[in-house]
Structure formats: C-alpha cells, structure tokens
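One-letter residues, chain by chain:
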Amino acid sequence: MKLFRAWLTLASLTFRRLLWSANTLMVLLPLAACLLYVVRRHFNAEGFSTDEFRQFSEFMILVFASFVVPICSLAFGTASIGGDREDRTLVFVLVRPIPRALVLVAKFTATLPLVLGLVVGSFWIYCRLAGEVGQAAFPLYLPAIIYMTLAYVCLFHLFAVAFRHSTIIALVYALFMELLLGNLPGIIKRVAVNYYGRSILYAAGAERGLPPPDPQWFEPLSVRAASWALAGIAVGGLLLAIVIFSRREYRDLT
Amino acid sequence: MQRAGHSHFSDATHHAPESSLLLSFEHVTKFYGPVIGVNDISCRVGPGITGLLGANGAGKSTLIKLASGQLRPSQGTVRIGRHAAWSTAAKNHLGYSPDTNNFYEEMTGRDFVYTMARLNGFSRREARQRTDHVLEEVGMTDRARRRLAGCSHGMRQRIKLAQALVHDPWLLLLDEPLSGIDPGGRREINELLFRLAGQGKTILVSSHVLVEIEQLASSILMMSRGRIIASGTLAEVRNLMQYRPLTVEIVAEPARRLAALLAENPDVLGVEVRDSVLIVRTRNPLRFFAQVGDLVCANGIDLRRLQTLDSGAEAVFDYLQQGRP
C-alpha cells in the first residue's frame, strides 16, 4: 500500500509539473497553427466531398501526424525524466523507496494521458471544425494517431533515460529521422516511426476515397505489419527504457 | 585510531552498535572511466555524528553518492544495515540532503517536504503531521509557506534537511549541510543534529570546513585522493601529531641564549630568532615539550610564551595529506 501511494504521488506530481510547464505552451503553438489552417480552409460543413476529404486527410497525415504528434510527444516524453535530470531534482526521487522501474512507469503513466489528451483532443476539435469530412476522418484515423502517440512517447522516454541532453537529441531525431529520412524515397524511411503510422492512415483513408500515395515515394506496409511495428517500438522502447533506468547511474545529479 | 591504508578497516563507530544500524563500506572502489573516485575503502559508520573531511576532489562526494545508492561500486560492497545501498529496501532507512541547491522551485517549502513524505508512501494525514513536525524541528514553521524560488540559501538548506528527516530514517547523509547558514542558524542545526544523534541515529556529515566538523562530529573520516587516510575521534587524530614535526613559537628573554641551548638538542631541526621570538622546528614534539621546561628552569630563562603554530585540525589534515603517496 505504501509503495502504491508513493507511486501514485510520483505519477500525480509528474503530471502536474508537466501540465504547468513551459512545454505545454510550446506544444500549443503547433496545435494552434493546425487549428488556424482548418478554420481558414473553410471545409464544407454539410455534405461529404472526396476532394475535401483528400485535402483534410493529407494535412492530417503529412502535418499533424508526421510533425505535430512527434513534437507533442517529444516535449513531454523527454521532459518527464529528462527535465528532472536537467534541473537535478531527480535525486530526490531516486533516494526514495520506490523501485526505479516503477519510477519510470509512473513517469510514463503521467505523461501518456497528457500527450494523448492534447493530441486526441486537438484532433477531435479539427475534425469537428472540418464538418462532414472531419466527422468521417475522426474514427478512421484515431487508432493510428493513438498508436503513433504511444510509440513516440515510449521512444522519447528511452531517449530521456539514455541521453543527458535528451530534448536536443530527440529534437534532432524528430527533424532528421522523422521529417527528412521519413520522407525520402526507398526503404530508408523505415527508420522513422511516422512511416508505420502513415501506412495505417493511408489504408484507413482509402475507405473514404483517399488515393494511395505515389509508390515511387511512399510504399506503405500492410496495416497489420505497421501496427505490429508501432507496437514493437512502443513496448520495446519502454522496456529498454526501464532496463536502462533501473541500472544506470546518474552522476550529474549532485 | 588508525591511519587507514587501503588494506585497513577504518571504524568511525563509538561503540559496538547492531550491524543493522551501520553504514559499511567493504573494499569499495569506484572508477569513473579511467579515473578512480574512491580507492579500496573499508570503513563502518555507526550511531552518532561522523564528519567526512577532505579537500575538493578527495572523494567525499563519491563516497556519499555510493552510500546514498546513486552510484554502484565498481568493486566491493556498500551496505546500509543489511541492505545493499543501491537497493530500494535501503532507501527506507536513508535520509539524504544533497549539496546541490535544486528543488521543485514552484512549490512552497512545506509542499516540497509534504511531497517527499508522500513519496515515502505516507498517507495524506501522516505526511501532513510529519511535515509539520519536521518543519518545526528545522525552525521553518513560520517560513515554510514561501515559494522555494524566493527562499534564501539558509532556508533552502533547512528545507533540504527537513525532507531528509521527514520519514524518520536512522541513517542521515548530509552533504555540506551548513554551507550558507548564518552562525545562529548553524547553532540551531548543530543542536538538532546532536538531538538526532542522541536518539541513536547514524549521521554522516561531509564538509571541507574543518571548524564545522570539529564543533559537530564526535568521529571523523578524513579522505584524500580517494582514500580514507585517518578515522576515529578528533582527539585520536590529533594524537598523530606527537610523532610528526611541529613548529613552536617561543617568546623568551634572553632569546639568543635559549636559541643556542635549543640548537644543541637533537630533536630540534632548526631555530630562527626574531628579536625575542624563537621559531623552533622539532622532530618529536612530546619529548621537546618535556625537555624545554627543564632547560628553561636550569638556565634561568624568562619564558613568556610557548605555543604551537600548526596544531589545529587544519594542520593535522595537511600533515595527513602530505603523508600519502
């Protein structure tokens, strides 16, 4: 019971500190920019248009899912542990009687609902504002958005426990691997998480007339394979983060 | 008392406490890559206040980090009671006050200590009670509602101490706990630590200011270059001085006559005369002090003052450090 109370306190503390951090303001900027696009685009509120659905979907896949989701996940995923490391308050947690594995799980448990809340909440708002096409897109794309968020949050927790300046490294990863390599033709894009998410998103959108991407630039995986890949990244990333965090000495805390 | 070489076992315990109340290091070595942080240290710290002394880079922080389970030894074992210091079980018995000045700055001092109590698994009610009690102990009750970002260094030191005490551990590791605290506050903290020691707690206080430790600790561990070079009570460490060269200042008339007599003494290494003041270097202080009285009486010399110039703990520390390879 004592351990559970301690764990719950840590999760709640992490959630509050992340929510009221500068990171929240930082991620609101790209989310607001997406909102502005959807509002300015004036999607038809009544009636479904395949052309509008394609435009809305491409924006959601290429901008929201490929750029905004990783940025949101990065901001909180690295900060939950990395922030404590950088401001050297992690030592106060590490000298408490909470197993390190549970410390990381508490951090993850606090971070995931926050990121999911922001990502899914803003996606829901965009879809509501986009009228018929948005309402059609929401249930189609929601699972892939959730899988991607989960994979990114796990991955960035791994970065946070493995690297001292994890935010910078994660930012480089997001810009270089996700944006650049993830959009190159050929097999190299498989290093990017968004490749697997986009594979699922394109397959989901095809149900409502979203044309497949140019195979010269993007050859999607099957939904099943992409889902397994995202699950693997999430579970593998989190487990690896737990193992590293449980064994690692943080010499820079005091 | 012992000069603790790498193969010796230093003991900073005053009596024979239960092994469950000991912080023990057994042949502990810690490498930072190719650099050695502590080198084959074996010692035990028991109930009471033990001062951990050493210059910057001596290995004090590494030793404290090993004891608080932040680092794992490259070789050997560190135990808190029966538990390995790295283990979660050991953390139940450990209160740690780091030397860094970082907090959850957005919190008040009270919220911070309360949160730390909750992180130890206490219920809200018990955490509140413990927080109130421990804030009173460290003299922060009336100032604990200030945000930490606006607290003075001394107040932050007290809050750090409070969070270390809030779960009532038997082992306290305090890294430079008196730095930045005014003399009045220092006295209060010292009194608190004496009270805690009186309750049978094991307290290891690290400092590079010897005067602080002299006032506070009943036992000391002296570190230099990653090793414990001496351990025991301060008096025991001082006893080392009787077998080391010492500089003595003597004011006497006639000074030159006394200088000539002292120069014939085989234990005197050198005599310097400055008007009526003699600066004498002796290789065996105890024998020298016994002989100089006889010499003065036998020759009718007016001895006005005799004092050692380097008998303080600083001199002991310097000497012990110089004695190492």
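Not measured: the values here are computed from a predicted model.

Enquirer: Which residues make up the overall build of chain B, and what values go with them?
Expert: Each helix and strand counted, chain B has eleven helices and 15 strands in total. In chain B, which comprises 325 residues, the proportion classed as buried is 45%.

Enquirer: Quick rundown of the overall build of chain A? Include the residues and the values.
Expert: Along its length, chain A carries nine helices and zero strands. Ordered by position in the sequence, the α and β elements of chain A form the string α-α-α-α-α-α-α-α-α. Taking 18 Å as the expected radius of gyration for a compact globule of 254 residues, we find that chain A reaches 19 Å, a close match to that expectation. In terms of overall dimensions, chain A has a C-alpha envelope of 60 × 35 × 30 Å along the principal axes. The 254 residues of chain A split such that 48% are buried.

Enquirer: Describe the interface of chain B and chain A, listing the residues and the values that go with them.
Expert: Between chain B and chain A, the residue contacts involve 25 residues of the former and 25 residues of the latter. Of all the secondary structure elements, the ones that give two or more residues to the side of chain B that touches chain A are helix H2 (88–91), strand E7 (94–97) and helix H3 (109–119) of chain B. Considering each element in turn, the side of chain B that touches chain A owes the most residues, four residues, to H3 of chain B. In the side of chain B that touches chain A, the residues fall into eight nonpolar, twelve polar and five charged.

Enquirer: Any chance you could break down the environment of Leu-116 of chain A for me, citing the residues and the numbers?
Expert: All names here are of chain A. Positionally, Leu-116 belongs in helix H5 (residues 100–129). Overall, Leu-116 belongs to the partly exposed group, with 17 C-beta atoms counted inside 10 Å. Beyond its immediate chain neighbours, meaning those up to four positions away, Leu-116 contacts Ile-146 and Thr-149.

Enquirer: Tell me about the environment of Pro-266 of chain B, residues and numbers included.
Expert: Residue and element names in this part refer to chain B. Along the polypeptide, Pro-266 turns up in the loop between helix H9 (255–263) and strand E13 (268–274). With 8 C-beta atoms counted inside 10 Å, the residue Pro-266 sits in the exposed group. For the pair Pro-266 and Val-134, spaced 132 residues apart in the sequence, the C-alpha separation amounts to 60 Å.

Enquirer: Hey, could you go over the pairing of strand E15 (residues 302–308) of chain B for me, with residue numbers and the actual values?
Expert: All names here are of chain B. With zero of seven residues buried, E15 lies mostly on the surface of the structure. Alignment of strand E12 (residues 246–253) against E15, held across six bridges, turns out to be antiparallel. Opposite Ala-252, over in E15, you have Leu-303 as the bridge partner.

Enquirer: Can you lay out the nonpolar core for me, pointing to particular residues and giving the numbers?
Expert: The biggest cluster of nonpolar side chains holds 157 residues, and the ones touching the most others in it are Met-148 and Ala-151 of chain A together with Val-113 and Ala-162 of chain B. Take this core: its biggest share by element is 20 residues, from helix H6 (residues 131–162) of chain A. Core analysis: the next-biggest nonpolar cluster, separate from the first, contains eleven residues, Leu-246, Ile-250, Ala-255 and Leu-262 of chain B among them.

Enquirer: I'd like a rundown of helix H5 (residues 153–165) of chain B, residues and numbers included.
Expert: Taking 1.5 Å of rise per residue, 13 residues should cover 18 Å, and H5 of chain B covers 19 Å from first to last C-alpha, within 8% of that figure. Here H5 of chain B lies mainly inside the structure; eleven of its 13 residues are buried. Within the span of H5 of chain B, buried status applies to Met-155, Arg-156, Gln-157, Arg-158, Ile-159, Lys-160, Leu-161, Ala-162, Gln-163, Ala-164 and Leu-165 of chain B. Among the structural elements, helix H4 (90–94) of chain A together with E7, H3, helix H4 (124–137), strand E8 (171–175) and helix H6 (183–198) of chain B are those in contact with the buried residues of H5 of chain B.

Enquirer: So what about the packing of helix H2 (residues 22–41) of chain A against helix H3 (residues 50–86) of chain A? Which residues, and what values?
Expert: To describe two helices that pack against each other, one gives the angle between their axes and the distance between the axes. All names here are of chain A. Put simply, H2 and H3 touch, their axes get as near as 9 Å, and they point 170° apart. For the element pair H2 / H3, the angle class is roughly antiparallel. Taken together, the residues of H3 that come into contact with H2 (itself represented by Asn-23, Met-26, Val-27, Pro-30, Leu-31, Cys-34 and Tyr-37) are Phe-59, Val-63, Phe-64, Val-68, Ile-71, Cys-72, Ala-75, Phe-76 and Ala-79.

Enquirer: Mind laying out the sheet that holds E12 of chain B, listing which residues take part and the relevant values?
Expert: Residues and elements named next belong to chain B. An order of E13-E14-E12-E15 is seen for the four strands of this open sheet, with the pairing classed as antiparallel. The outermost strands of the open sheet, each flanked by one partner alone, are E13 and E15. Put simply, the sheet's adjacent strands are angled 20° from each other on average, direction ignored. The sheet contact formed by E12 and strand E14 (residues 277–282) spans six bridges and is antiparallel. Following the sheet pairing, Val-248 is matched in E14 by Val-280. Most of the contacts of H9 go to E13, to which it runs at about 170°, and overall it touches E12, E13 and E14.

Enquirer: Residue-level account of the sheet that holds strand E10 (residues 219–224) of chain B, with values.
Expert: Residues and elements named next belong to chain B. Read from one edge to the other, the open sheet built from six strands follows the order E7-E8-E9-E4-E10-E11, with strand pairing classed as mixed. Whereas interior strands pair on both sides, the edge strands pair on one side only; in this sheet they are E7 and strand E11 (227–232). Neighbouring strand axes in the sheet, compared pairwise and without regard to direction, differ in orientation by 15° on average. Summarising the sheet, E8 and strand E9 (residues 202–207) pair through five bridges and their orientation is parallel. By the bridge assignment, Asp-175 is partnered in E9 with Ser-206. Along the sheet, helix H1 (residues 60–67) makes contact with strand E4 (48–54), E8, E9 and E10, crossing E8 at roughly 150°.

Enquirer: Describe in detail the packing of helix H8 (residues 193–206) of chain A against helix H9 (residues 223–247) of chain A, supporting the description with residues and values.
Expert: All names here are of chain A. Orientation of H8 relative to H9, taken along the N-to-C sense of each, is 145°, at an axis distance of 9 Å. Note that H8 runs across H9; the crossing there is left-handed. Residues Val-193, Tyr-196, Gly-197, Ser-199, Ile-200 and Ala-203 of H8 form the contact with H9, whose own contacting residues are Val-223, Ala-226, Ser-227, Ala-229, Leu-230 and Ile-233. Tallied by class, residues from the contact of H8 with H9 come to nine nonpolar, three polar and no charged.

Enquirer: Can you tell me about H1 of chain B, naming the residues and giving the values?
Expert: Counting buried positions along H1 of chain B gives eight out of eight residues, so the element sits mostly inside the fold. Trailing H1 of chain B by a residue or two, Gly-69 of chain B shows a phi angle of about 75°, which is positive.

Enquirer: Which residues make up unusual backbone geometry, and what are the values?
Expert: Residues and elements named next belong to chain B. In this chain, Glu-253 is followed by Pro-254 through a cis amide linkage whose omega measures -5°. Tracing the chain through its elements places Pro-254 in the loop between E12 and H9. Non-glycine residue Asp-40 carries a positive phi angle of around 50°. Summarising the element assignment, Asp-40 is placed in strand E3 (residues 35–45). The class of Asp-40 is partly exposed, set by 19 C-beta atoms lying within 10 Å.

Enquirer: Which residues make up the environment of Gly-69 of chain B, and what are the values?
Expert: Within the element layout of this structure, Gly-69 of chain B appears in the loop between H1 and strand E5 (75–80). On the neighbour-count criterion, Gly-69 of chain B (23 C-beta atoms within 10 Å) is buried. For the pair Gly-69 of chain B and Arg-79 of chain B, spaced ten residues apart in the sequence, the C-alpha separation amounts to 9.4 Å. Sequence-distant contacts of Gly-69 of chain B, that is, excluding residues within four places in its chain, are made with Val-95 of chain A together with Ala-85, Trp-86, Ala-90 and Lys-91 of chain B.

What counts as what
Residues numbered from 1 in each chain as written. Chains lettered and ligands numbered in written order. Predicted model: local features only at pLDDT ≥ 70, side-chain atom pairs only at ≥ 80, totals over all residues. Helix = DSSP H or I, 4+ residues; strand = E, 2+ residues; numbered from the N terminus. Buried ≥ 20, exposed ≤ 12 C-beta atoms within 10 Å, placed from the backbone. Rg over C-alpha atoms; globule rule 2.2 N^0.38 Å. Contact = placed C-beta atoms within 7 Å. Nonpolar A, V, L, I, M, F, W, Y, C, P; charged D, E, K, R; others polar. Pairing = 2+ DSSP bridges. Core = buried A, V, L, I, M, F, W, Y, C linked by C-beta atoms within 7 Å. Expected span 1.5 Å × (residues − 1). Axes fitted to C-alpha atoms, helices over the stretch in contact; angles between N-to-C directions. Parallel < 35°, antiparallel > 145°, perpendicular 65-115°, else oblique. Left-handed = near helix turned anticlockwise from the far one by under 90°.

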